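Report on the structure
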There are 2 protein chains.
Amino acid sequence: MKIELASSYGFCFGVKRAIKIAENAGDAATIGPLIHNNEEINRLATNFNVKTLHGINELKDEKKAIIRTHGITKSDLAELKKTDIKVIDATCPFVTKPQQICEDMSNAGYDVVIFGDENHPEVKGVKSYASGKVYVVLDESELEGVKFRQKVALVSQTTRKVEKFMQIANYLMLRVKEVRVFNTICNATFENQEAVKNLAKRADVMIVIGGKNSSNTKQLYLISKNFCEDSYLIESEHEVEKSWFEGKNLCGISAGASTPDWIIQKVVDAIEKF
Amino acid sequence: MKIELASSYGFCFGVKRAIKIAENAGDAATIGPLIHNNEEINRLATNFNVKTLHGINELKDEKKAIIRTHGITKSDLAELKKTDIKVIDATCPFVTKPQQICEDMSNAGYDVVIFGDENHPEVKGVKSYASGKVYVVLDESELEGVKFRQKVALVSQTTRKVEKFMQIANYLMLRVKEVRVFNTICNATFENQEAVKNLAKRADVMIVIGGKNSSNTKQLYLISKNFCEDSYLIESEHEVEKSWFEGKNLCGISAGASTPDWIIQKVVDAIEKF
């Protein structure tokens, strides 16, 4: 059986940047997990004494607080800045962008629609920057019955699929005079998604590696499953099962934007052993 | 054979308004045809002495100049205002809107895309308000190879089909960070289009009445033809042929936004005679 990696996969710019920031800072606490990958977070805790807190209320004697890649809410950031703790911002610049857009558009009198998962920390952060009406949806059907003003701004969680984003934009275009569409889906997401699709079309079995709480990893898995029925989402090499590969010719591999190369390598090693 | 009128057809708000303006003005000249309907223009000339000029260079002893529903170019308007001639603006307010948008967006640093026919007077007028880059297209393929800035504004000729408008918007969304979509397709167009579609699905033969130089009439005809093979575009009752109706059960009728009721009535009378 041949093993083939997708032409684009794994760590994105924002994740690489955040890990570098955390390593350089050392002896610090992150507000929520820095990235959606437990193994990498454990490594940062062990090797760099970067621990993970659930929220700003857990801060006690820390000297340095690192803002996670997904960002935090505007009010949490304001609270944090009132303290003596040094704030180190590892928010992905591609996430800072929709936060700014949300704030600016709200202030300019636009209703704001965010395409994303309202329970995801990135979306909670973006939403918190709205001063006016804001709607978080995963599907345009959730907007039925909403009485919009004549001006609506649309932004996206960075890790969403562009096809659905366009559907929501189209829904709005038919209903309001001005739709200001900000395509804030990041290129890394787009490239990883295109690559997993192309590989899954050819593969007999697909392995997608990443945190099960990672939005972009889940998207990769769903796309993979769509083109290759035998697709599996795993967090580490321990989950790999021999039976998945029996009688298969091509095993495709992709990984989420917060999956480090060393985990991917361990998975490849485990599969090669079979 | 039954004759049925579409649930929405004919004169729109902007056309009704322009005719009223022209009738009230009297003894005037319009710059280009006031509306795209020769029969109605002849009526205005005969009954109200409102004549039609081809351009501002033909103005001589006129005291009053009427701006046509489709608007004129920014420079022509400026020229006109320098003269002693009284300028009476019958530009449809739904056309003034994309003119303003085009000017504002250009000044704000947006590249402007106009969905429309570059030879149509409305589009020539709208385009003339751009101070920066402006592209007039009927299909997104015409934008291939264009190097856009990161901000693009999209407007539409008022009489276009919304499906293609959305396709162009979607094309842009995949390529630039911000697309500011102004749905300037007028409701009357949309309603007439929906109505002709619904009627054409049921009819055996469809008659669409309107000027053959009228954009919205041509759209109605194309939609009709899509759902009813035996569709005919005519300007007056003189073009009606008996053979079109032989063996038919339901004849549907629609008319463009610049087609007066008296012409529609003459066509119905002619068909009923067969």
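Residues numbered from 1 in each chain as written. Chains lettered and ligands numbered in written order. Predicted model: local features only at pLDDT ≥ 70, side-chain atom pairs only at ≥ 80, totals over all residues. Heavy atoms only, no water.

**Section: the overall build of chain A**
Helix and strand counts for chain A stand at nine helices and 12 strands. For chain A, whose C-alpha radius of gyration is 20 Å, the value lies close to the compact-globule estimate of 19 Å for 274 residues. The dimensions of chain A, computed from C-alpha atoms along their principal axes, are 60 × 55 × 25 Å. In chain A, which comprises 274 residues, the proportion classed as buried is 55%. Sequence separation of at least 24 residues holds for 70% of the intrachain contacts in chain A that already meet a minimum separation of 6. By element, 47% of the accessible surface of chain A is carried by carbon and sulfur atoms, the whole surface being about 12400 Å². One way to put it: in chain A the 37 positive side-chain charges average out to a point 5 Å from where the 37 negative ones average out. (Helix = DSSP H or I, 4+ residues; strand = E, 2+ residues; numbered from the N terminus. Rg over C-alpha atoms; globule rule 2.2 N^0.38 Å. Buried < 20%, exposed > 50% of the residue type's maximum accessible area, 1.4 Å probe, protein only. Contact = heavy atoms within 4.5 Å. Areas by Shrake-Rupley, 256 points an atom, 1.4 Å probe, with all protein chains shown as cover. Lys, Arg positive; Asp, Glu negative; His and termini not counted. Charge placed at Lys NZ, Arg CZ, Asp CG, Glu CD.)

**A look at the domain arrangement of chain A**
All names here are of chain A. You can read the domains of chain A as domain 1 (2-9 + 187-272), domain 2 (13-91) and domain 3 (94-181). When each unit is reduced to the centre of its C-alpha atoms, the spacing between domain 2 and domain 3 is 27 Å. Each side of the interface is counted separately: domain 2 has 11 residues, and domain 3 has 12 residues. Buried area between domain 2 and domain 3, both sides added, is near 830 Å², and the carbon and sulfur share of it is 60%. For domain 2, the biggest contributors to the area lost against domain 3 are His70, Lys74 and Thr91; these three give 51% of the whole. Summed over the shared surface of domain 2 and domain 3, the number is one salt bridge. A salt bridge links Glu103 to Lys74; the nearest nitrogen and oxygen atoms lie 2.6 Å apart. Counting the contacts that link domain 2 with domain 3 gives two residue pairs in polar contact (both at pLDDT 80 or more). (Domains from an automatic or database assignment. Buried area = accessible area lost by both parts, 1.4 Å probe. Salt bridge = Lys/Arg side-chain N within 4 Å of Asp/Glu carboxyl O. Polar contact = N/O pair within 3.5 Å; in protein donor to acceptor, adjacent residues only side chain to side chain.)

**Description of the sheet that holds strand 5 (residues 86-89) of chain B**
Residues and elements named next belong to chain B. The four strands are arranged 3-2-4-5 in an open sheet whose pairing can be described as parallel. Strand pairing shows two members of the sheet lacking a second neighbour, strand 3 (50-53) and strand 5, which therefore form its edges. On average, each strand axis in the sheet is inclined to that of its neighbour by 30°, with strand direction left out of account. Pairing analysis gives three bridges linking strand 2 (residues 28-31) to strand 4 (residues 64-67), with the strands arranged parallel. Looking at the pairing, Thr30 lines up with Ile66 of strand 4. Sitting on the sheet, helix 1 (residues 13-25) is in contact with strand 3, strand 4 and strand 5, with an inclination near 150° to strand 5. (Pairing = 2+ DSSP bridges. Axes fitted to C-alpha atoms, helices over the stretch in contact; angles between N-to-C directions.)

**What to know about the UniProt feature "binding site: isopentenyl diphosphate" in chain A**
Residues and elements named next belong to chain A. Per the UniProt record, the feature "binding site: isopentenyl diphosphate" sits at His36, His70, His120, Ser214, Ser215, Asn216 and Ser258. For His120, the position within the fold is in the loop between strand 6 (111-115) and helix 5 (121-127). Look past the residues within four positions of His120 in its chain and what remains in contact with it is His36, His70, Gln157 and Ser215. In this structure Ser215 comes out as buried when scored by relative accessible area, which is 7%. For Ser215, the residues in contact, after removing those within four places along its chain, are His120, Gln157, Thr159 and Arg160. (UniProt positions renumbered as here; feature names shortened; annotations may be inferred.)

**What about the sheet that holds strand 12 (residues 250-255) of chain B?**
Residue and element names in this part refer to chain B. The parallel open sheet is built from four strands, whose spatial order is 1-12-10-11. With partners counted over all chains shown, the strands left at the sheet margins are strand 1 (2-5) and strand 11 (231-234), one partner each. The mean angle between the axes of side-by-side strands here comes to 20°, regardless of whether they run parallel or antiparallel. Alignment of strand 10 (residues 205-209) against strand 11, held across four bridges, turns out to be parallel. Residue Ile207 lies in a different strand from strand 11, and its bridge partner there is Tyr232. Strands strand 1, strand 10 and strand 12 of the sheet are contacted by helix 7 (residues 187-202), whose axis makes an angle of about 165° with strand 12.

**Quick look at the nonpolar core**
In terms of nonpolar packing, the biggest core is built from 40 residues, with Val113(A), Leu172(A), Val113(B) and Leu172(B) touching the most fellow members. When near neighbours in sequence (up to four residues on either side) are disregarded, Val113(B) contacts Tyr135(B), Val137(B), Leu143(B), Phe148(B), Val152(B), Ala153(B), Leu154(B), Val155(B), Ile168(B) and Leu172(B). Judged by nonpolar contacts, the second largest core, of 25 residues, contains Ile56(A), Ala65(A), Ile101(A) and Val136(A). (Core = buried A, V, L, I, M, F, W, Y, C linked by side-chain atoms within 4.5 Å.)

**Examining the state of the cysteines**
In total, this model carries zero disulfides over all chains according to the counting rule given. In this structure Cys102(A) is not part of a disulfide, and its nearest cysteine sulfur, from Cys92(A), lies 17 Å away. Classification of Cys102(A) as buried rests on a relative accessible area of 0%. This cysteine, Cys228(B), is not joined by any disulfide, and Cys251(B) carries the nearest cysteine sulfur, 9.0 Å off. (Disulfide = S-S within 2.5 Å.)

**Regarding the relation of the copies chain A and chain B**
Superposition of chain A onto chain B requires a rotation of 180° combined with a translation of 0.0 Å along the rotation axis, giving an RMSD of 0.0 Å. Expressed as an axis order, the relation between the two copies is that of a two-fold axis. If distances are taken from each C-alpha of chain A to the rotation axis, the shortest is found for Arg180(A), at 2.1 Å. Taken as a fraction of all interface residues of chain A, those also at the interface in chain B reach 100%, which identifies the copy contact as same-surface. (Least-squares fit on C-alpha atoms with pLDDT ≥ 70 in both.)

**Details of the interface of chain A and chain B**
If you look at the interface, chain A gives 16 residues, while chain B gives 16 residues. Roughly 1600 Å² is buried in total at the junction of chain A and chain B, and carbon and sulfur atoms are behind 55% of that figure. Per-residue buried area on chain A facing chain B is highest for Met173(A), Lys177(A) and Asn183(A); these three make up 34% of the total on that side. The tally of links between chain A and chain B comes to two salt bridges.

**Quick look at the environment of Lys86(B)**
Residue and element names in this part refer to chain B. Along the chain, the position of Lys86 falls in strand 5. On the basis of relative accessibility, which here comes to 53%, the residue Lys86 falls in the exposed class. Separated by 73 residues in the primary sequence, Lys86 and Phe13 have C-alpha atoms spaced 24 Å apart. Setting aside its immediate chain neighbours within four residues, Lys86 contacts Lys63, Lys64 and Ala65.

**Details of the packing of aromatic side chains**
All names here are of chain B. In this structure the tally under the stated criterion is 12 aromatic pairs over all chains. Residues Trp244 and Phe245 carry aromatic rings whose centres are separated by 6.2 Å and whose planes lie at 55° to one another, so their mutual orientation is tilted. Residue Trp244 is classed as buried on the basis of its relative accessible area of 10%. Under the relative-accessibility criterion, Phe245 is labelled buried at 7%. (Phe/Tyr/Trp six-rings, centres within 6.5 Å; stacked < 30°, edge-to-face > 60°.)

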